[in-house]
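# Topology and contacts: notes
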Amino acid sequence: MRKNCNFINFANFPKQYETLLKKAAVTVLESEKVEKYQINFIMVDDKEIKKLNTKYRKVRRITDVISFLVVPELFMGDVYISKNRSQKQAKEYANAWQQELAYLVIHGALHLCGYTDYDAVSRAKMFAKQDKIFKCLFYWL
């Protein structure tokens with residue numbers, strides 16, 4: 001096995017967005033000083049993400065992103081992003097879809113790094129971090 005074989009994989013995402021999305025994920029990992037990582041970002045539909053949310057979080061609703069740090073000591077994880085929800089949110093927030101996907105990639109990667117948004121204090125800390133990273137990627141907004 002190769003040492004330091006970092007990879008970020010995107011499944012079911014538009015190919016033309018992958019460079020930007022990878023940059024978003026790597027920016028998070030660098031800011032959190034994560035040196036070794038293996039992450040899969042998987043785009044699914046609302047039905048599938050609701051199943052995952054129900055099974056693993058016991059929350060019976062659709063969410064936009066759900067993250068699983070599968071092997072913490074190797075920083076191996078999976079991040080699922082809802083295609084339907086991300087498209088809806090892009091329109092809601094007047095973003096291009098690629099911008100909304102980048103925002104959700106950042107959000108999911110921060111979850112892998114241990115950030116949570118389950119209470120007001122944690123949420124404020126997480127959103128401040130993700131907004132800062134997002135603005136660095138889209139500084140012209």
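Data block above holds the structure.
Residues numbered from 1 in each chain as written. Predicted model: local features only at pLDDT ≥ 70, side-chain atom pairs only at ≥ 80, totals over all residues. Heavy atoms only, no water.

### Some words on the sheet that holds strand β3 (residues 65-71)
- Across the sheet, four strands lie side by side as β1-β2-β4-β3; this open sheet has mixed pairing. Across the chains shown, the open sheet's two edge strands, defined by having one partner strand only, are β1 (7-11) and β3. When the angles between neighbouring strand axes are averaged without regard to direction, this sheet yields 15°.
- Pairing of strand β2 (residues 38-44) with strand β4 (residues 76-82), which is carried by seven bridges, proceeds in the parallel orientation. (Pairing = 2+ DSSP bridges. Helix = DSSP H or I, 4+ residues; strand = E, 2+ residues; numbered from the N terminus. Axes fitted to C-alpha atoms, helices over the stretch in contact; angles between N-to-C directions.)

### Re the packing of helix α3 (residues 83-92) against helix α4 (residues 97-112)
- Viewed as axis vectors pointing N to C, α3 and α4 meet at an angle of 120°, and their least axial separation amounts to 8 Å. In the crossing of α3 with α4, the sense of the turn from one axis to the other is right-handed. Across from Lys83, Ser86, Gln87, Gln89 and Ala90 in α3, the residues of α4 making contact are Trp97, Glu100, Leu101 and Leu104.
- Residue composition of the contact of α3 with α4, by class: four nonpolar, three polar and two charged. (Left-handed = near helix turned anticlockwise from the far one by under 90°. Contact = heavy atoms within 4.5 Å. Nonpolar A, V, L, I, M, F, W, Y, C, P; charged D, E, K, R; others polar.)

### Points about the pattern of salt bridges
- Scanning the model with the defined rule gives two salt bridges in all.
- Between Lys15 and Glu18 there is a salt bridge, with the nearest N and O atoms lying 3.4 Å from each other.
- Residue Lys15 is classed as exposed on the basis of its relative accessible area, which comes to 62%.
- Between Lys129 and Glu32 there is a salt bridge whose closest N-O contact spans 3.0 Å. (Salt bridge = Lys/Arg side-chain N within 4 Å of Asp/Glu carboxyl O. Buried < 20%, exposed > 50% of the residue type's maximum accessible area, 1.4 Å probe, protein only.)

### Notes on unusual backbone geometry
- In this structure, Lys33 takes a positive phi of about 60° despite not being glycine.
- Secondary-structure assignment places Lys33 in the loop between α1 (18-31) and β2.
- Residue classification places Lys33 among the exposed residues on the basis of a relative accessible area of 69%.
- In the Ramachandran plot, Ala94 falls in the positive-phi region, its phi being about 55° despite a non-glycine side chain.
- Mapping Ala94 onto the fold places it in the loop between α3 and α4.

### Topic: the packing of α1 against helix α5 (residues 120-137)
- With their axes 10 Å apart at the nearest point, α1 and α5 run at an angle of 130° to one another. Classified by the interaxial angle, the pair formed by α1 and α5 is oblique. Regarding α1 and α5, the two cross each other, and that crossing is right-handed. Where α1 abuts α5, its residues Lys23, Ala24, Thr27, Val28 and Ser31 lie against Lys129, Ile133 and Leu137.
- Tallied by class, the residues present in the contact of α1 with α5 amount to four nonpolar, two polar and two charged. (Parallel < 35°, antiparallel > 145°, perpendicular 65-115°, else oblique.)

### Some points on the pairing of β1
- Residues of β1 alternate between two faces, with Ile8 and Phe10 buried on one and Phe7, Asn9 and Ala11 left unburied on the opposite face.
- Here β1 pairs with β2 via five bridges, running parallel. Across the sheet, Ile8 pairs through a bridge with Ile39, a residue of β2.
- Since β1 and β2 lie parallel, the crossover through α1 that links them has a hand, and here it is left-handed. (Right-handed = clockwise from strand over helix to strand, strands pointing away.)

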